[in-house]
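Descriptive structure summary
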Amino acid sequence: WYQRRVREAVVSTQSTGATEFPYTLKGRLLGNVALRKQSETQQSSDQSNGVSGRAVDGRTDGDYNHNSCTHTQKGGDWMVNLGRPVKVDHVIIHNRVDCCQERIDKAVVMLDTPKGPKVCGIVYFQRGRNVYKVDCLHKVPAVAVRIHQSRNDYLTLCEVEVMA
């Protein structure tokens, strides 16, 4: 059973890019709780038609011209409302690949919890890397995930997966 569920997750990830189906890991059910919640997203500004919902459309295509990436003005913020409190395990960010990859540097991933915001982690740009996993060590119930560009630079997200 376990191997079948893991195979399903791998197949779903390969077919669409984003994790669509839950899979089992160490006896826990994990899934992307942000997938296709376009109407539950917001960002501080829209630059070049890069609207906030693109980050949870299920497409990990990092080419901005394929209309699957967000884009804010400098120092931007992005968020997704999860609809209910969930314990976020980690957040996966798919970066832009056609240019400007360094813009993701020092983006801060935060959880909105009933007790206030908690920093999940910070993304540090690495040349040649397009996918970043940010582990959330708090494991507290969060109702939203926010990503803030802490530097005075644009924030571009090509997919955000919130694994809970």
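The coordinates are above.
Quick summary incoming for the structure in this document.

Here the focus is the packing of aromatic side chains. Summed over the entire model, instances satisfying the criterion amount to zero aromatic pairs. In this structure, Arg54 packs its charged tip against the face of Tyr64, placed 5.9 Å from the ring centre.

Moving on to the nonpolar core. Counting residues in hydrophobic clusters, the biggest one holds 28 residues, and the most contacted among them are Trp78, Val88, Val145, Ile147, Leu157 and Val162. If you tally residues by element for this core, the top one is strand E4 (residues 77–87), at four residues. Filtering out sequence-adjacent residues up to four positions away, Val88 remains in contact with Leu82, Leu111, Cys136, Lys139, Val140, Ala142, Val145, Val162, Met163 and Ala164.

The sheet built from five strands is open, its strands ordered E3-E4-E9-E6-E7 with antiparallel pairing. At either end of the open sheet lies a strand with only one pairing partner, and these are strand E3 (41–43) and strand E7 (116–123). Within the sheet, the average angular offset between the axes of one strand and its neighbour, ignoring direction, is 25°.

Before going further, it helps to examine the state of the cysteines. What makes a disulfide is a covalent bond joining the sulfur atoms belonging to two cysteines. Summed over all chains, the structure comprises three disulfides. There is a disulfide in this structure between Cys69 and Cys158, and the S-S distance comes to 2.0 Å. Where Cys69 bonds to Cys158 through sulfur, the torsion about that S-S bond is close to 100°, and the disulfide is right-handed. Within this pair, whereas Cys69 is found in the loop between E3 and E4, its partner Cys158 is found in the loop between strand E9 (141–149) and strand E10 (159–163), the two being separated by 89 residues in sequence. Between the sulfur atoms of Cys99 and its disulfide mate Cys100 the distance is 2.2 Å. Every disulfide takes its handedness from the sign of the S-S torsion; for Cys99 and Cys100 that torsion is -65°, giving left-handed. Using a relative accessible area of 25% as the deciding quantity, one classes Cys99 as partly exposed. Shown here for the protein chain is a disulfide pattern of 1-6, 2-3, 4-5, where each number marks a bonded cysteine counted in sequence order.

What counts, and at which threshold
Residues numbered from 1 in each chain as written. Predicted model: local features only at pLDDT ≥ 70, side-chain atom pairs only at ≥ 80, totals over all residues. Heavy atoms only, no water. Phe/Tyr/Trp six-rings, centres within 6.5 Å; stacked < 30°, edge-to-face > 60°. Lys NZ or Arg CZ within 6 Å of the ring centre and 35° of its normal. Core = buried A, V, L, I, M, F, W, Y, C linked by side-chain atoms within 4.5 Å. Buried < 20%, exposed > 50% of the residue type's maximum accessible area, 1.4 Å probe, protein only. Helix = DSSP H or I, 4+ residues; strand = E, 2+ residues; numbered from the N terminus. Contact = heavy atoms within 4.5 Å. Pairing = 2+ DSSP bridges. Axes fitted to C-alpha atoms, helices over the stretch in contact; angles between N-to-C directions. Disulfide = S-S within 2.5 Å.

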